[in-house]
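Summary of the model geometry
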Amino acid sequence: QMSNGSSVTQFLLLAFADTRELQLLTFWLLLGIYLAALLGNGLIITAVACDHHLHTPMYFFLLNLSLVDLGSISTTLPKAMANSLWDNRAISYQGCAAQLFMLVFLVVAEYYLLTVMAYDRYVAICKPLHCRTLLGSRVCVHMAASAWGSGFLYAVLHTANTFSLPLCRGNGLDQFFCEIPQILKLSCSDSDYLREVGLLVVSSCFVLGCLVFIVVSYVQIFRAVLRIPSEQGRHKAFSMCLPHLAVVSLFLGTGIFAYPKPPSISSPVLNMVVSFLYSVVPPAVNPLIYSMRNQELRDAL
C-alpha cells in the first residue's frame, strides 16, 4: 500500500528490552500498572456516577479526567504489552495513525480539563456565593464538551498534517508508541516538516496560555486562603486545591521534561523513560492523588 508518496506500510517501535526474560518482566510490570490505572479510574468514575453527594462541578470534572486517563493509558500500554509479550516491534501504518490521533486528542483534552478545574477551584474558594451561577450544570457540561472538542480538533489537525508527510528515512521510531516528533524525523520534505513545526509552535502558545491561566488562578486562590481567619478553614481550602495542583505539576512536569530538552542529552533510552513518565504515570497515579486526601470520595467508594 502506497501512502502519500511514502512506501511505509508499518513502523517499528522501540522495544523496552532486548532479552526474552526482560521482555516478559516488562510485560508483567506494564500489566500491573495498566490494571491499577483501570481499577483506580474505574472506581472514581463509578463513585461519582452513582453517589448523588458527588454530583458537584468538582467531581463532574474529575469524572471526565478519569475517562481521559483511562483512554490515554489504553492508547499506549496494550500495544506495548503485546509487543513485549510476543517479541514484536511492528505497528501498522493505520495503527500508528490511530494511536497518534487518540494520544493527541486525549492529552489536549486532559490539559484543557485541568485548566477548567483550576477555574472551578478558583470559583469555589474566591467566589463561593456565586458558585451556582458561575458553575451551573449547563456551564460545566459546556466546559467539558469544549475540552473534548478542542482535543478532537487538535488531533485531526496534527494527525492529518503528520501523516501527509512523505517519509523516506526508514520506518524505525525511537519510542514505544507513535508520536509526532518521531514521525517528523522520518520526513524527507522540509516544507511539510516546517508546516507541522509551525502547528506545534501554535500548540505551544495554547499550552502557555492555559499555564498562565492556571498560575493566575492559584495566585488568587492562595491569597484568598491566607485571608481565611480559622486554621481549620485554611486547612480545608488547601486540601481542596492540593490534589489538583499535584496532578497539574505531574502532568506538566513530565511533559515539559519530555519535549523541549536539548539534543545533547537526548538518547533513545532517556526519551523512552521520560515519555513513559508522562504518558503512563499520570493516568495511573491521578486516582491515588485525588482519593488520598478526599474523605467524600473515600466514603463514596
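Residues numbered from 1 in each chain as written. Predicted model: local features only at pLDDT ≥ 70, side-chain atom pairs only at ≥ 80, totals over all residues. Heavy atoms only, no water.

Structural notes on the overall build of the protein
To be explicit about the condition: By the criteria applied, helices consist of DSSP H or I runs no shorter than four residues and strands consist of E runs no shorter than two, each listed in order from the N terminus. Radius of gyration here uses only the C-alpha atoms, and the compact-globule reference equals 2.2 Å multiplied by the residue count raised to the power 0.38. The contact definition used throughout considers only heavy atoms, calling two residues in contact when any of these lie within 4.5 Å. By the counting scheme adopted, Arg and Lys are positive, Glu and Asp are negative, and His together with the chain ends is not counted. Here the site of a charge means NZ on Lys, CZ on Arg, CG on Asp, or CD on Glu.
For the protein, the helix and strand inventory stands at eleven helices and two strands. Along its sequence from the N terminus, the protein presents helices and strands in the succession β-α-α-β-α-α-α-α-α-α-α-α-α. Here the C-alpha radius of gyration of the protein, 21 Å, is about what a compact globule of 301 residues would show, namely 19 Å. With the C-alpha coordinates of the protein rotated into their principal frame, the extents come out at 65 × 45 × 35 Å. If you take every contact in the protein between residues at least 6 apart in sequence, the share linking residues at least 24 apart comes to 77%. Seen as two clouds, the 17 positive and the 15 negative side-chain charges of the protein have centres 10 Å apart.

Digging into the side chain of threonine 26
Residue placement: threonine 26 occurs in helix α1 (residues 20-50). The contacts of threonine 26, once residues within four sequence positions are left out, are Phe16, Ala17 and Ser84.

Side note on the UniProt feature "transmembrane region" (unreviewed entry) in the protein
Applied cut-off: UniProt positions are given in the numbering used here, feature names are shortened, and annotations may be inferred rather than shown by experiment.
In the numbering used here, UniProt assigns the "transmembrane region" (unreviewed entry) feature to residues 27-50, 97-119, 139-157, 197-219, 240-259 and 265-285. Structurally, residues 27-50 is divided into 100% helix and 0% strand, and its ends, taken at the C-alpha atoms, are 34 Å apart. Structurally, residues 97-119 comprises 100% helix and 0% strand, and the distance from its first C-alpha atom to its last is 33 Å.

Considerations on the side chain of serine 203
Our working rule: A 3.5 Å cut-off defines polar contacts: any pair of N or O atoms within that distance qualifies, except that in protein one atom must be a possible hydrogen donor and the other a possible acceptor, and neighbouring residues in sequence count only when both atoms are side-chain atoms.
Along the chain, serine 203 falls in helix α7 (residues 190-226). At a separation of 3.0 Å, a polar atom in the side chain of serine 203 contacts the side chain of histidine 158. If we skip the residues at most four places from it in the chain, serine 203 touches Tyr154 and His158.

Structural notes on empty space enclosed by the protein
Stated formally: Definitions used throughout: a 1 Å grid over protein atoms alone; a cavity as a set of points that fits a 1.4 Å probe which cannot get out; a pocket as an open set with protein on both sides within 12 Å along at least five of seven lines; a lining residue as one with an atom within 4 Å of a point. Grid points are joined across faces, edges and corners, and a volume is the space filled by probe spheres set on the points.
According to the stated counting rule, one finds three cavities of 30 Å³ or more in the structure shown. For the largest cavity, the calculated volume is near 110 Å³. Leu14, Ala15, Phe16, Asn83 and Asn88 are the residues nearest the centre of the largest cavity, which is lined by 13 residues in total. For the lining of the largest cavity, the element with the highest residue contribution is helix α2 (residues 57-85), accounting for three residues.

A short note on the environment of glutamine 232
Here is the rule we go by: Three exposure classes are used, based on accessible area relative to the maximum for each residue type with a 1.4 Å probe and protein chains only: buried under 20%, partly exposed in between, and exposed over 50%.
Inspection of the secondary structure assignment puts glutamine 232 in helix α8 (residues 231-258). The exposure class of glutamine 232 is exposed, given its relative accessible area of 69%. Sequence separation of glutamine 232 and leucine 134 is 98 residues, and the distance between their C-alpha atoms is 26 Å.

Comments concerning the state of the cysteines
Definition in use: We call a pair of cysteine sulfur atoms a disulfide when they lie within 2.5 Å.
All chains considered together, the criterion is met by two disulfides. A disulfide bridge connects cysteine 96 with cysteine 178, and the sulfur atoms are separated by 2.0 Å. Judged by the sign of its S-S torsion, about -125 degrees, the bond between cysteine 96 and cysteine 178 is left-handed. Of this pair, cysteine 96 sits in helix α3 (residues 93-126) while cysteine 178 sits in the loop between α5 (137-162) and α6 (180-184); the two residues are 82 residues apart in sequence, bridging distant segments of the chain. The exposure classification of cysteine 96 matches that of cysteine 178, with both residues buried. Note that cysteine 168 is cross-linked by a disulfide to cysteine 188, the S-S spacing being 2.4 Å. You can see cysteine 168 sitting in the loop between α5 and α6 and its partner cysteine 188 sitting in the loop between α6 and α7, a full 20 residues away along the chain.

Focus: the layout of surface pockets
Threshold: Only Asp, Glu, Lys and Arg are considered charged, only Ala, Val, Leu, Ile, Met, Phe, Trp, Tyr, Cys and Pro nonpolar, and every remaining residue, Gly among them, polar.
Its boundaries defined by the atoms lining it, the second largest pocket holds a volume of some 490 Å³. Contributing to the lining of the second largest pocket are 19 residues, with Met58, Tyr59, Arg121, Met240 and Glu296 lying nearest its centre. Among the elements of the structure, α2, α3, α8 and α11 (295-300) are those that each provide at least two residues to the lining of the second largest pocket. When residues in the lining of the second largest pocket are grouped by element, the largest group, four residues, is from α8. Across the lining of the second largest pocket, the residue classes break down as nine nonpolar, five polar and five charged.

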